[in-house]
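# Structural overview for review
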Amino acid sequence: MEHKLHTIRVMVNGTEYVRDVEPRLTLADFLRHELGLTGTHVGCEHGVCGACTILLDGAPARSCITFAVQMDGHEIRTVEGYAQGETLHPVQDAFWEHNALQCGFCTPGMLASAIDLLERNPDPSEQEIRETLSGNLCRCTGYQSIVQAVQVAAARMRAAAAGADQPGSAS
Ligand code: FES
Ligand code: FES
């Protein structure tokens, strides 16, 4: 049976896309197959594992249980959009430095949750980091290196923000 297509206008990583989508197309499949943004991974497809987590209007969302048709007028950030040009986001940098990934399957979702946490709370406790990341499953790392990477990123982001507040700072 053919489904009626719906036109959506959505901002993804700073670029506006206008596409006709079927009502049952998930956001994860839209990102991966329509836009070619395959950095968003699909694991359980039931909203449980967190691998498909993206930032929707600035907040983490499971793209496997979100429909693309709901995205009309919304803004999405995916792992392809966290870096600034050649410069990795501080959380990405800390993950790389602290071996916070092995197979990398969970990593895009972990990054989304961690970036959201640090944007809301620049100085989270270890417990807050663990609670935030409890919705993202990792089969490889044991989580310790991920928590450490988020702590390191948080400290660096606080230091950068303090530097930016100094009189005479460049930015
Ligand atoms: S693939 Fe979406 S939560 Fe697992
Ligand atoms: S690094 Fe393999 S699942 Fe997390």
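Heads up: the structure comes first, above all this text.
Here the structure is a predicted model, which is why all the values come from computation and not from measurement.

This paragraph deals with the packing of helix α2 (residues 90-97) against helix α3 (residues 107-120). One way to put it is that α2 packs onto α3 with a least axis distance of 9 Å and a crossing angle of 130°. Comparing their axes, α3 and α2 come out oblique. Between α2 and α3 the crossing geometry is right-handed. Along the contact surface, α2 presents V91, Q92 and F95, while α3 presents T107, M110, L111, A114, I115 and L118. Here the contact of α2 with α3 is built from residues that sort into seven nonpolar, two polar and no charged.

Packed helices, taken two at a time, are described by the angle between their axes plus the distance between the axes. Helix α4 (residues 126-133) packs onto α3 with a crossing angle of 135° between their chain directions and a minimal axis gap of 9 Å. Put simply, α3 runs oblique to α4. Judged by the sense of rotation from one axis to the other, the crossing of α3 with α4 is right-handed. Residues M110, S113, A114 and L117 of α3 pack against E128, I129, T132 and L133 of α4. Across the contact of α3 with α4, the residue classes break down as five nonpolar, two polar and one charged.

Criteria and cut-off values
Residues numbered from 1 in each chain as written. Chains lettered and ligands numbered in written order. Predicted model: local features only at pLDDT ≥ 70, side-chain atom pairs only at ≥ 80, totals over all residues. Heavy atoms only, no water. Axes fitted to C-alpha atoms, helices over the stretch in contact; angles between N-to-C directions. Helix = DSSP H or I, 4+ residues; strand = E, 2+ residues; numbered from the N terminus. Parallel < 35°, antiparallel > 145°, perpendicular 65-115°, else oblique. Left-handed = near helix turned anticlockwise from the far one by under 90°. Contact = heavy atoms within 4.5 Å. Nonpolar A, V, L, I, M, F, W, Y, C, P; charged D, E, K, R; others polar.

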